[in-house]
Amino acid sequence: MRILLGLLLALSAWLVAPVAHADTDAGTTQVRAEQDEPRVIRYSVRVRGEIGRTTRREFRVLAQETYDDPRGWSAKGGGIRFEQVKHGGAFTLWLSRARLVPSFSSSCSAQWSCRAGRNVIINLDRWRGASPAWNKAGLALRDYQHMVVNHETGHWLGYGHASCPRRGALAPVMMQQSKDTGGCRLNPWPTPAELHRR
């Protein structure tokens, strides 16, 4: 009975052990544990209102660049990989004419971007022109685009709004940086504290 129990324990340990790979480099063998695959989140992209084909194509490409950037949500936990699909997915990323943003929810405004349920909505006016606070600071439009996609997707991931931790610190991406930074420095990416929050 002890022998059988010992064999079962050895077998169970073998089944859950990490898989090792041998990598040969200049005659030296290195063994590494297989890394966990990142969690895949599929999303689709749509538009609301009259938005040209070129703008739609550019939006799809630039949003995916934001999601793929190692400074973004892809660095959270064991890693997240955002995969764009033609239809469906876990959420829909929208580029919407400003006047139509409130059609997603009464809590959405024609002035800002928004998240309503499974819909992550980017306001076309903000996408093309950032915000007065961002422009006053002289930062690049592309950084604003990273920030707004990261911020609204952060809401979908379950994050609420954040405040400035201390004057001069990087603003959390979940701070409403389109409006004001409360003494923090504008920042388009999740902070380490945000990425490590459970």
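Up top is the structure these notes are about.
Residues numbered from 1 in each chain as written. Predicted model: local features only at pLDDT ≥ 70, side-chain atom pairs only at ≥ 80, totals over all residues. Heavy atoms only, no water.

S.K.: Can you help me understand the packing of aromatic side chains in this one?
M.R.: A full pass over the atoms with the stated rule returns 10 aromatic pairs. The interplanar angle of 20° and the centroid separation of 4.3 Å between the aromatic rings of Tyr 67 and Phe 82 together place this pair among those described as stacked. You can see Tyr 67 sitting in helix H2 (residues 53-68) and its partner Phe 82 sitting in strand S4 (residues 80-84), a full 15 residues away along the chain. Looking at Tyr 67, the relative accessible area reads 2%, which means it is buried. When the ring of Trp 73 is compared with that of Tyr 159, the centres are 4.8 Å apart and the planes differ by 40°; the resulting orientation is tilted. With Trp 73 in the loop between H2 and S4 and Tyr 159 in the loop between helix H5 (141-156) and helix H6 (192-196), this pair connects stretches of sequence that are 86 residues apart. We note that Trp 73, like Tyr 159, is buried. Sitting above the plane of the Tyr 159 ring, Arg 197 keeps its charged end 3.9 Å from the centroid. (Phe/Tyr/Trp six-rings, centres within 6.5 Å; stacked < 30°, edge-to-face > 60°. Helix = DSSP H or I, 4+ residues; strand = E, 2+ residues; numbered from the N terminus. Buried < 20%, exposed > 50% of the residue type's maximum accessible area, 1.4 Å probe, protein only. Lys NZ or Arg CZ within 6 Å of the ring centre and 35° of its normal.)

S.K.: Any chance you could explain the state of the cysteines here in plain terms?
M.R.: Here, the word disulfide means a covalent bond between the sulfur atoms of two cysteines. As enumerated under the stated definition, the model contains two disulfides in all. For Cys 108, the disulfide goes to Cys 114, at an S-S distance of 2.0 Å. Between Cys 108 and Cys 114, the S-S torsion sits near -70°, and that sign places the bridge as left-handed. Residue classification places Cys 108 among the buried positions, given a relative accessible area of 7%. By relative accessible area, which is 8% here, Cys 114 ends up buried. Note that Cys 164 is cross-linked by a disulfide to Cys 184, the S-S spacing being 2.1 Å. (Disulfide = S-S within 2.5 Å.)

S.K.: Help me understand the pairing of strand S3 (residues 39-48), please; the structure alone is not making it clear to me.
M.R.: Within a regular strand, the side chains alternate between the two sheet faces. Pairing analysis gives five bridges linking S3 to S4, with the strands arranged parallel. Paired with Arg 42 across the two strands is Glu 83, which belongs to S4. Bridge analysis of S3 against strand S5 (residues 91-96) gives six bridges, and the strand direction is parallel. Note on S5: the bridge partner recorded for Arg 48 is Ser 96. (Pairing = 2+ DSSP bridges.)

S.K.: Would you mind going over the sheet that holds strand S6 (residues 114-116) with me for this structure?
M.R.: Whether parallel or antiparallel, the strands of a sheet pair through hydrogen bonds between backbone atoms. Strand order in this open sheet of five strands is S4-S3-S5-S7-S6, and the pairing throughout is mixed. Strands with a single pairing partner mark the edges of an open sheet, and in this sheet they are S4 and S6. Sheet twist, expressed as the average angle between the axes of neighbouring strands with direction ignored, equals 30°. Running at roughly 130° to S5, H2 makes contact with S3, S4, S5 and strand S7 (119-123) of the sheet. (Axes fitted to C-alpha atoms, helices over the stretch in contact; angles between N-to-C directions. Contact = heavy atoms within 4.5 Å.)

S.K.: Could you clarify how one ought to interpret the side chain of His 146 in this entry?
M.R.: Locating His 146 in the fold gives a position in helix H5. What His 146 contacts, discounting residues up to four positions off in sequence, is Thr 66, Pro 188 and Trp 189.

S.K.: How should the nonpolar core be read in this particular structure?
M.R.: The tendency in soluble globular proteins is for nonpolar side chains to be buried side by side. With 29 residues, the main nonpolar core has Phe 82, Phe 91, Leu 93, Ile 122 and Trp 127 as its most contacted residues. Ignoring sequence-local partners within four residues, the contact set of Ile 122 consists of Phe 59, Leu 93, Trp 94, Leu 95, Ser 96, Ser 113, Trp 127, Val 148, Val 149 and Glu 152. (Core = buried A, V, L, I, M, F, W, Y, C linked by side-chain atoms within 4.5 Å.)

S.K.: Help me understand the pattern of salt bridges in this model?
M.R.: A side chain with one charge can pair with a side chain of the opposite charge if their charged atoms come near. Summed over the entire model, instances satisfying the criterion amount to five salt bridges. Between Arg 42 and Glu 83 there is a salt bridge whose closest N-O contact spans 3.0 Å. Residue Arg 42 is located in strand S3, and its partner Glu 83 is located in strand S4; the two are separated by 41 residues in the primary sequence. Using a relative accessible area of 24% as the deciding quantity, one classes Glu 83 as partly exposed. Glu 50 serves as the salt-bridge partner of Arg 99, at 3.1 Å between the closest nitrogen and oxygen. A residue pair is termed long-range when its members are at least 10 positions apart, and Arg 99 in the loop between S5 and S6 and Glu 50 in the loop between S3 and H2 qualify at 49 residues. By relative accessible area, which is 54% here, Arg 99 ends up exposed. Here Glu 50 falls in the exposed class, since its relative accessible area comes to 51%. What emerges from the salt-bridge pattern is a single network uniting Arg 42, Arg 81 and Glu 83. (Salt bridge = Lys/Arg side-chain N within 4 Å of Asp/Glu carboxyl O.)

Purely geometric stuff here, so don't read any function into it on its own.
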